[in-house]
Amino acid sequence: MIYEYDFTGRKPSIAQVRKQVSEGIKKNASMILISWGENRIDIERSYNGQYWLGSGWIKRIAGSDIAEGLNHA
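Quick caveat: nothing in here was measured; it's all calculated off a predicted structure.

Visitor: Help me out: how do you make sense of the nonpolar core in this one?
Guide: Val17, Val21, Ile32, Ile34, Ile41, Ile43 and Ile66 are the most contacted members of the largest nonpolar core, which totals 15 residues. When contributions to this core are tallied by element, the ones reaching two or more residues are strand 1 (2-7), helix 1 (14-26), strand 2 (31-36), strand 3 (39-45), strand 4 (52-58) and helix 2 (63-71). Residue contributions to this core peak at three residues, all from strand 2. Apart from the residues within four sequence positions on either side, Ile34 is in contact with Tyr5, Phe7, Val17, Gln20, Val21, Asn39, Arg40, Ile41 and Ile58.

What follows is the structure in structure tokens.
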């Protein structure tokens, strides 16, 4: 399942991005796409479901940092 969320208006904070990632996880999504304008973060489960992979940026918020936080939680 893919969970998508698009922020509008002001740049989202890291807490707002993490909240949307958590919503995607609660809905059992294997891919989470968070965007703000032309900026996007992609978070997805690895092929074996053991860990999360992240890519992309929303200003200074990195998808890889969000995924790393999920993997060490």
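Visitor: For this particular structure, what's the right way to read the pattern of salt bridges?
Guide: Oppositely charged side chains may form a pair once their charged atoms are brought near each other. Applying the stated rule across the entire model yields two salt bridges. Glu23 is the salt-bridge partner of Lys26, the closest N and O atoms lying 3.7 Å from each other. One end of the pair is Lys26 and the other is Glu23, both in helix 1 and three residues apart, which spans about a single turn. For Glu23, a relative accessible area of 24% corresponds to the partly exposed category. In this structure, Arg40 engages Asp42 in a salt bridge whose closest nitrogen and oxygen atoms are separated by 2.7 Å. Owing to a relative accessible area of 41%, Arg40 belongs among the partly exposed residues under this scheme.

Rules behind the numbers
Residues numbered from 1 in each chain as written. Predicted model: local features only at pLDDT ≥ 70, side-chain atom pairs only at ≥ 80, totals over all residues. Heavy atoms only, no water. Core = buried A, V, L, I, M, F, W, Y, C linked by side-chain atoms within 4.5 Å. Buried < 20%, exposed > 50% of the residue type's maximum accessible area, 1.4 Å probe, protein only. Helix = DSSP H or I, 4+ residues; strand = E, 2+ residues; numbered from the N terminus. Contact = heavy atoms within 4.5 Å. Salt bridge = Lys/Arg side-chain N within 4 Å of Asp/Glu carboxyl O.

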